[in-house]
Amino acid sequence: MSINLKNKQELVKKFGSNDKDTGSTSVQVAMLSQKINELTEHLKSNQKDFATKRGLLMMVGKRKRLLSYLKSQNIEEYRSLVKKLNLRG
């Protein structure tokens, strides 16, 4: 259920400023979005997995905080990231 190395490197290349930029807000949001999508699929077939549900809710909260920070720092990057990840309606 975790992001493997190949997927992580692809996300860093796509959303980071260089190949080793794993700490930028955009990359963190992209990785969290990938994990959230995987956990959502898991919870569709395992409705009673409450520990995973709690972890999923914590990840959604963290992604929300990171997006809020990015929006306050750089609105253009925020808008492009939301569009690329297809997050908001």
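The preceding data block contains the structure.
The paragraphs below set out a description of the structure included in this document. Everything numeric in this text was worked out from a predicted model, so none of it was measured.

Details of the overall build of the protein chain
Inference 1: When helices and strands are tallied, the protein chain shows four helices and zero strands.
Inference 2: Element order for the protein chain, N to C, with α for helix and β for strand: α-α-α-α.
Inference 3: Counting only C-alpha atoms and orienting by the principal axes, one finds that the protein chain spans roughly 40 × 30 × 20 Å.
Inference 4: Relative to its 89 residues, the protein chain shows a buried fraction of 31%.
Inference 5: Considering only contacts in the protein chain between residues 6 or more positions apart, those separated by 24 or more positions represent 46%.
Inference 6: When the accessible surface of the protein chain is totalled, it reaches about 6400 Å², and 50% of it is carbon and sulfur.
Inference 7: Measuring between centres, the 19 positive side-chain charges of the protein chain sit 6 Å from its 8 negative side-chain charges.

Considerations on helix α1 (residues 5-15)
Inference 1: Of the residues making up α1, those classed as buried are Leu11, Val12 and Phe15. Buried residues of α1, viewed axially, fall in a sector of 100 degrees; they line one side. In this structure, α1 carries Leu5, Lys6, Lys13 and Lys14 as exposed residues pointing more than 90 degrees from its buried face.
Inference 2: The inward-facing, buried residues of α1 contact α2 (25-45) and α4 (75-85).

What to know about the environment of Gly16
Inference 1: Position of Gly16 relative to the elements: it lies in the loop between α1 and α2.
Inference 2: Between the C-alpha atom of Gly16 and that of Glu41, which follows or precedes it by 25 residues, the distance is 26 Å.

Digging into the nonpolar core
Inference 1: Membership of the largest hydrophobic core comes to 15 residues, with the highest contact counts inside it found for Leu11, Phe15, Met31, Leu67 and Leu81.
Inference 2: A per-element tally of this core places α2 first, with five residues.
Inference 3: Not counting the four nearest positions on each side in its chain, Leu11 is found in contact with Ile3, Gly16, Ala30, Met31 and Gln34.

Description of the pattern of salt bridges
Inference 1: For the structure shown, the criterion picks out two salt bridges.
Inference 2: Lys44 is the partner of Glu41 in a salt bridge, and the nearest nitrogen-oxygen pair spans 3.3 Å. Remark: Lys44 and Glu41 occur in helix α2; sequence separation between them is three residues, near one turn of the helix.
Inference 3: We classify Lys44 as exposed; its relative accessible area is 54%.
Inference 4: Taking the shortest distance from any N to any O, the salt bridge between Glu76 and Arg79 comes out at 3.5 Å. You can see Glu76 and its partner Arg79 sitting in helix α4, three residues apart, about one turn around the helix.
Inference 5: For Glu76, a relative accessible area of 53% corresponds to the exposed category.

What counts as what
The written sequence of each chain sets the order in which its residues are numbered from 1. Reporting in this predicted model follows two pLDDT cut-offs: at least 70 for local features of residues, and 80 or more for side-chain atom pairs to be given and counted; totals over whole chains, interfaces and linings ignore these cut-offs and use all residues. Working from all heavy atoms in the structure, the side-chain values ignore hydrogens and water. Think of it this way: any DSSP run of H or I at least four residues long counts as a helix, any run of E at least two long counts as a strand, and we number them from the N terminus. Burial here depends on accessible area, computed with a 1.4 Å probe over protein chains only, as a share of the maximum for the residue type. Under 20% is buried, over 50% is exposed, and the range in between is partly exposed. Here, two residues are considered to be in contact whenever any of their heavy atoms come within 4.5 Å of each other. Note on areas: these come from Shrake-Rupley sampling with a 1.4 Å probe, and a residue is covered only by the protein chains present in the view. By the counting scheme adopted, Arg and Lys are positive, Glu and Asp are negative, and His together with the chain ends is not counted. Charge coordinates come from a single atom per side chain, which is NZ of Lys, CZ of Arg, CG of Asp or CD of Glu. The arc under discussion is defined with respect to the helix axis, by the directions toward the C-beta atoms. Put simply, a nonpolar core is a bunch of buried Ala, Val, Leu, Ile, Met, Phe, Trp, Tyr and Cys residues held in one set by side-chain atoms that sit within 4.5 Å of each other. One speaks of a salt bridge when a side-chain nitrogen belonging to Lys or Arg is within 4 Å of a carboxyl oxygen belonging to Asp or Glu.

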